[in-house]
Structure formats: structure tokens, C-alpha cells
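Listed here are the chains, written in short residue letters.
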Amino acid sequence: MTVENDQSQKEDEGAATKFKELNEWLPVTSSRKANWWYSAFHNVTAMVGAGVLGLPYAMSQLGWGPGVTVIVLSWIITLYTLWQMVEMHEMVPGKRLDRYHELGQRVFGEKLGLWIVVPQQLMVQVGSDIVYMVTGGKCLKKFADTVWPSSPPIKTTYFIMIFGAVQLVLSNCPSLNSIALVSLVAAVMSLSYSTIAWVSSLHKGVQPDVKYTLRASTTTGSVFNFLSALGEVAFAFAGHSVVLEIQATIPSTPENPSKKPMWKGVVVAYIIVALCYFPVSMIGFWVFGNSVDDNVLLSLEKPAWLIATANIFVVIHVIGSYQVFAQPVFDMIQAFLVLKMNFKPTGLLRFVARISYVGKQIFYLSCPP
């Protein structure tokens, strides 16, 4: 009996050692040296996307009353639900739920939790990366066309490939903490192009023929636009799918749990989100009314240098956003290769896994069927 107990204890110790080594290699848990300002700019980068430039268009589909109500309620509800997730990160004594699917497993069970959470999380994160790659390519093309209007036109495909090449390089950063500087620059850029959008709109002034009636003239069209606008606002407030992974990079002790600096960073981030979202949506709609474009920068048209600047800021921002959403995906892929495919956790495996992920997106977006 003693021999069996010793054998079982050795197996448990071996499994614990293997798990510890794996966590020290995976991008989410390999570095726990972050602090509250890491939380702030990671959350801003994840939350504030190019979708903010479409909020005036969403307002034109909703109208003043419903539009303001939906955007304000979205800000309040997402902040509240984010607080809940921050609190749940360490709801199990002595254990950290470092990843979204670990929280799902805690709630729904080991197997069911994976099946419920992982597909949805991957849908959001991989989908966001694809959107960011396309957005980065389009904004890069808009920048080039604005700065060099007389040059021969270049296909958007080539700009997507340029954006993808940058991601191939950045994807070799080993951990979520290692892209902190990239994320910080991206957060600054998001505030910058949002400010350019609403200040330029305010400077342009209310257009002579502005109308604030709903875009659609029929009941069916109004209902469709209303639902579409809800989706646009929901997309603009994306970011919850990486909250637990961001908190996992912050050190934690019983005296100083990670939720304290994480929540402080979240509050700062949401103040910045408010400074970006509310002025852009309301001033953009006030100036252009229901004729506003789905990207408010397109409604501004000139000065050319300002539009070019805003577009390059968007490019820099989505470079960082892509990485913030990609790192948890890398974490899942690397864990799967080690735990299920029995590969050894090496630098070569990490390189091949990440290059394959980014490379496939470049290929499919550049060479569609």
C-alpha cells in the first residue's frame, strides 16, 4: 500500500512539474510582471477598435434617443460584466483562472466547459484578427492613396500582405507581457484617431442639409437597421474575451491579489473608452446626420494630411490589437500541441505554430477562392 501511495505521489509531482513547465512556456502565464497600467493599455487596445469610427453611422440607424441610450448602456453593462470577470479570476482559493476556458470549466465542468467556451472564444479572437488584418490593409491603402494620389493604384491585397508581414515578425514575441510596448503605442493611437475624428467633425461644423431622421424610410428597413446598429455597437465594445488572460500577467499574493491592480487599470481604460466613444458617436452624428458614412473619416474628406494621419494611426492601433487577441490563441494552439500531440515545448514549436497561424490568414485573405 505504501509503495502504491509513493508511486501515486510521484506521478502527481511529475504532473505538477510538467504543468508548471508548460505554464512557464505558454504566452499568457510565462511572465507575471505586469501592473495596473499594463492592464489599462491592454484593455484599451482590446476594446477600442476601428469600430469606434462607425458609431456615428450606428447612431444614424438608431436616432438620437435610442442611439445615446444604447451606447451609454453598453458602456455601463460591459464595465459591470468586466468587473465580474476580474472578481472571478481568483474566486477559487489558491488557484488562478488564468484563461477564459478555465473559468468555463469551473462553471460547466471539465469537458462541457471547453466545448461551450473555446469555440466562442476562438470565433471572437480569430474573427477579430481577420477583421484587423483586413482593416489594417484597407487603411494602409487609404493612407497611400491619400499621400500619393497620382501614383498607379495598388490592390488592397498587397497592403494586407504588408500588414501580415508585420504580424509575422511581432508574433515571435514570446508572451503577452512582451508586447506591452506595442500595446501601449496602439492604445495611444486609438485615442489619437478618435480625437482626430470628433475634433475634425466639430471643426467642419453642422452641414447645411443635415437631417436626423432615421436612414430607412420603411418599417422593415428601420427594424433591420436597428438590429444592425446593435451589432455595430456590440462589436465596438468587444474585448472581454481577453480579460482573464490580461489579468493572468499580473502577480498575485493573498495580501495583494491581482484583482486590485487589474480593476484600477480597467477603470482607467474605461475612462479612455468613454473619451473615445461618446464624442465620436454624438458629434459625428450631430455634424453629418443620417448622411454620415459607415466610417466617419470618409465623411470628412479633407484636409488630406489629416485623413492620412488618422488612417496610419488606425493601422498602428490594429497592429497592436491583432497581437492582444492573437496571444491567447497562440496559448491555446501551443497547449494543444504539447498536451494532445505530445510535442516538446520548444522555441521551434512556438515559431512554427505562430507562423502557421498568421501565414494561413495572409494566404486566405490575399488569395481568396
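Structure: see above.
It should be emphasised that the depicted structure is a prediction, and the values quoted were computed from it without experimental measurement.

The rules behind these values
- Counting restarts for each chain, with residues numbered from 1 along the sequence as it is written.
- Residue-level local features of this predicted model are given only where pLDDT is at least 70; pairs of side-chain atoms are given and counted only at 80 or more, and the full residue set underlies all totals for whole chains, interfaces and linings.
- To obtain the side-chain values, all non-hydrogen atoms of the structure were used and water was disregarded.
- Note on definitions: angles span 0 to 180 degrees between N-to-C directions of axes, and those axes are lines fitted to C-alpha atoms, for helices only across the stretch in contact.
- The secondary structure listing takes helices from DSSP runs of H or I that are at least 4 residues long and strands from runs of E that are at least 2 residues long, numbered from the N terminus.
- Angular relationships are summarised with four words: roughly parallel below 35 degrees, roughly antiparallel beyond 145, roughly perpendicular across 65 to 115, and oblique for the angles in between.
- In this scheme the crossing of two helices becomes right-handed for a clockwise turn of the near helix relative to the far one and left-handed for an anticlockwise turn of less than a right angle.
- Here a residue-residue contact requires only that any non-hydrogen atoms of the pair lie within 4.5 Å.
- Ten residue types, Ala, Val, Leu, Ile, Met, Phe, Trp, Tyr, Cys and Pro, are classed as nonpolar, four, Asp, Glu, Lys and Arg, as charged, and the remainder, Gly among them, as polar.
- To qualify as a nonpolar core, a set must consist of buried Ala, Val, Leu, Ile, Met, Phe, Trp, Tyr and Cys residues joined through side-chain atoms within 4.5 Å.
- Exposure classes here rest on a 1.4 Å probe applied to the protein chains alone. A residue is buried below 20% of its type maximum, exposed above 50%, and partly exposed in between.
- What a helix is expected to span follows from its residue count: subtract one and scale by 1.5 Å.
- The quantity called bend is, for any residue, the angle between two axes fitted respectively to the seven residues ending at it and the seven beginning at it.

### Side note on the packing of helix α2 (residues 36-47) against helix α8 (residues 180-204)
Contact geometry of α2 with α8 gives a least axis separation of 8 Å together with a crossing angle of 60°. Judged by the inter-axis angle, α2 sits oblique to α8. α8 is crossed by α2, and the crossing has left-handed handedness. Facing Tyr38, Phe41, His42, Val44 and Thr45 of α2, the residues of α8 in contact are Ala180, Ser183, Leu184, Ala186, Ala187 and Ser190. Split by residue class, the contact of α2 with α8 holds 7 nonpolar, 4 polar and no charged.

### Thoughts on the side chain of Asn225
In this structure, Asn225 sits in helix α9 (residues 219-236). If near-sequence neighbours (up to four positions away) are discounted, Asn225 is found in contact with Gln61, Arg215 and Ala216.

### Some thoughts on the nonpolar core
Nonpolar side chains tend to gather and get buried jointly when the protein is soluble and globular. Formed by 82 residues in total, the largest nonpolar core has its most connected members in Val48, Val52, Leu53, Tyr193, Tyr277 and Tyr322. With residues near it in sequence (within four places) discarded, Val48 still touches Ser190, Tyr193, Ser194, Val273, Cys276, Tyr277, His317 and Ser321. By size, the runner-up hydrophobic cluster in this structure holds 8 residues, among which are Leu22, Leu26, Ala335 and Leu337.

### What about helix α13 (residues 304-339)?
Taking 1.5 Å per residue, 36 residues should reach 52 Å; α13 reaches 52 Å between its end C-alpha atoms and fits that length. At Ala326, α13 shows its strongest bend, of approximately 30°, with the proline Pro328 following within four residues.

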